[in-house]
Amino acid sequence: MNTIHLSHKQKTNLGSFYTPPHLVRLVFDTLAKNISGNFADAVLEPACGYGAFFAEKFPQKNVRFIGADIDPVALTIASENFSNVEFKKINILSQISRSKFGINENEKLAIVGNPPYNDITSHVKNKIKSEPCEIDSEIKTRDLGLSFMLAFAKLKPNYIAVLHPLSYLIKKTNFETLKSLMQNYELLDTVVFNSQEFSETSKTNGFPIVAAVYKKNEQGTSYGQIIKRKFKTLEKQEFSISDYDYICKYISKYPSRNSNSSDFKFFTMRDINALKRSRTFIKEDTANTIYIPQEKLPYYCYVDIFKDIAHNLPYYFGNLDIPFDKQSFEALKDDFFALSIAKHPDIFANRFSIPEPDRIGFAKAKVQNYFYKFFQKVNVCLKF
Ligand SMILES: C[S@@+](CC[C@H](N)C(=O)[O-])C[C@H]1O[C@@H](n2cnc3c(N)ncnc32)[C@H](O)[C@@H]1O
């Protein structure tokens with residue numbers, strides 16, 4: 001059920017994009033595959049909204065259900081719909097403890113749900129974002145969802161079965177922010193799906209979300225395990241960060257402090273989804289300007305041309321860096337270069353002549369063949 005009592009601004013601030021039933025089932029099915037017997041005494045949904053997670057069958061009988069949210073209107077609606085659940089109005093990000101939820105220290109606890117993910121620094125919607133609630137300094141992060149995950153770890157549940165952006169695992173800075181979770185929880189299972197499965201969000205650019213099941217375990221989860229992990233998708237595809245080499249091993253993604261000015265400039269690179277939106281070669285000097293060393297120019301052309309095929313890639317590439325096959329690239333350097341010159345005559349014309357149409361056609365065919373073969377190796381069929 002979609003939120004009906006909140007304005008667009010309120011929804012964005014609270015991250016109130018409610019979960020459709022098939023995704024709640026995905027969380028429970030993924031959990032069910034990884035547990036046995038009576039694994040929980042209490043089930044807490046700490047950001048329950050209208051209670052989507054109480055509408056589906058939980059994989060264990062005889063547990064007590066607790067639902068919490070900061071939004072009192074959502075809780076009123078939830079409590080009308082689910083009489084078997086104890087509902088409480090709680091800000092989970094402030095002074096968190098089990099007792100706040102009426103859960104004993106010795107109860108086996110499972111946390112389920114779909115906490116809000118709302119990057120408070122993101123440029124996309126920052127005009128309408130503000131800090132929505134009080135957050136304890138020890139769990140304060142740049143993204144509300146990361147703070148939620150840290151709050152979950154503080155409640156010391158036996159299991160956590162939630163939806164969160166895949167970037168929380170695969171982006172090293174996020175993973176490190178989640179240290180207190182990752183050091184104490186083993187990542188048991190994951191299923192990746194497209195954020196566009198939520199009808200209200202990301203109409204244009206989907207990003208990968210994961211249904212993730214964590215189990216309390218002192219061995220925890222290392223970043224090395226994430227890199228090697230075979231992630232399965234809802235569409236039954238598989239991918240791993242370690243499937244590829246990445247261009248950022250060879251060139252810098254960000255402006256470096258001691259770089260000198262140069263003839264060619266590039267906009268800061270983030271992940272593939274950011275590349276789809278951002279510019280590549282630029283003329284201006286800004287805080288985001290990378291000054292390209294002459295010998296690295298073809299590598300930046302690679303990124304420039306990669307941008308053109310990025311829209312053909314499946315959504316789950318969205319938060320990856322730009323993959324790269326150095327050996328095949330070496331033979332095609334001039335072709336990537338020719339295509340960039342043709343694409344940005346205003347930038348290159350002073351120094352290089354614009355290639356003839358035949359030369360461009362030839363380069364295009366070779367480059368397309370490179371990308372086709374590159375992605376075919378990982379079972380992704382690119383259509384141009
Ligand atoms: C993505 S919605 C999910 C709602 C519900 N779990 C579902 O899947 O349908 C996130 C919910 O988090 C709630 N929320 C936001 N900040 C909160 C906070 N600090 N403490 C508790 N709940 C919060 C919002 O009111 C919203 O209902």
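Along each chain, numbering runs from 1 in the same order as the chain's sequence is written. Totals for whole chains, interfaces and linings use all residues, but because this is a predicted model, local features are given only for residues with pLDDT of at least 70 and pairs of side-chain atoms are given and counted only at 80 or more.

(A) Spotlight on the environment of A287. In this description a helix means any DSSP run of H or I spanning at least four residues, a strand means any run of E spanning at least two, and both kinds are numbered starting from the N terminus. With respect to the helices, strands and loops of the structure, A287 is situated in the loop between strand 12 (281-282) and strand 13 (289-291). Separated by 262 residues in sequence, A287 and R25 place their C-alpha atoms 45 Å apart.

(B) Structural view of the site of the ligand. By definition, a residue lies near a molecule or strand provided its backbone-derived C-beta atom is within 6 Å of it. Lining the immediate environment of the ligand, one finds 23 residues, of which Y18, T19, A47, G49 and A52 sit closest. Amino acid classes used here: Ala, Val, Leu, Ile, Met, Phe, Trp, Tyr, Cys and Pro are nonpolar; Asp, Glu, Lys and Arg are charged; the rest, including Gly, are polar. For the shell around the ligand, a count of residues per class yields 14 nonpolar, 7 polar and 2 charged.

(C) How the structure looks around the sheet that holds strand 5 (residues 159-165). Taken in spatial order, the 9 strands of this open sheet run 3-2-1-4-5-7-6-8-9, and their pairing is mixed. Whereas interior strands pair on both sides, the edge strands pair on one side only; in this sheet they are strand 3 (85-89) and strand 9 (238-239). Note on pairing: two strands pair once DSSP finds at least 2 bridges between them. Pairing analysis gives 5 bridges linking strand 2 (residues 64-69) to strand 3, with the strands arranged parallel. Across the sheet, the residue bridging to A68 is K88, located in strand 3. A residue pair is marked as a contact if its C-beta atoms, positioned from the backbone, fall within 7 Å. Throughout, an axis means a line fitted to C-alpha atoms (over the contacting stretch in the case of helices), and angles, computed between N-to-C directions, take values from 0 to 180 degrees. This element, helix 2 (residues 21-32), spans strand 4 (109-113), strand 5, strand 6 (185-194) and strand 7 (208-216) of the sheet and lies at about 140 degrees to strand 5. Here helix 4 (residues 144-154) sits on the sheet and contacts strand 4, strand 5 and strand 6; the angle it forms with strand 5, its principal contact strand, is near 175 degrees.

(D) Spatial organisation of the sheet that holds strand 12. Read from one edge to the other, the open sheet built from 3 strands follows the order 12-11-13, with strand pairing classed as antiparallel. The outermost strands of the open sheet, each flanked by one partner alone, are strand 12 and strand 13. Relative to strand 12, strand 11 (residues 265-267) is paired through 2 bridges, and the arrangement is antiparallel. Its bridge partner being in strand 12, F266 is matched across the sheet by F281.

(E) Broad picture of the pairing of strand 5. Our exposure labels follow a C-beta count within 10 Å of each residue's own C-beta, placed from the backbone: buried means 20 or more other C-beta atoms, exposed means 12 or fewer, and partly exposed covers the counts in between. With 7 of 7 residues buried, strand 5 lies mostly within the body of the structure. In the sheet, strand 5 pairs with strand 7 via 7 bridges, with the strands oriented antiparallel. Looking at the pairing, P165 lines up with I209 of strand 7.

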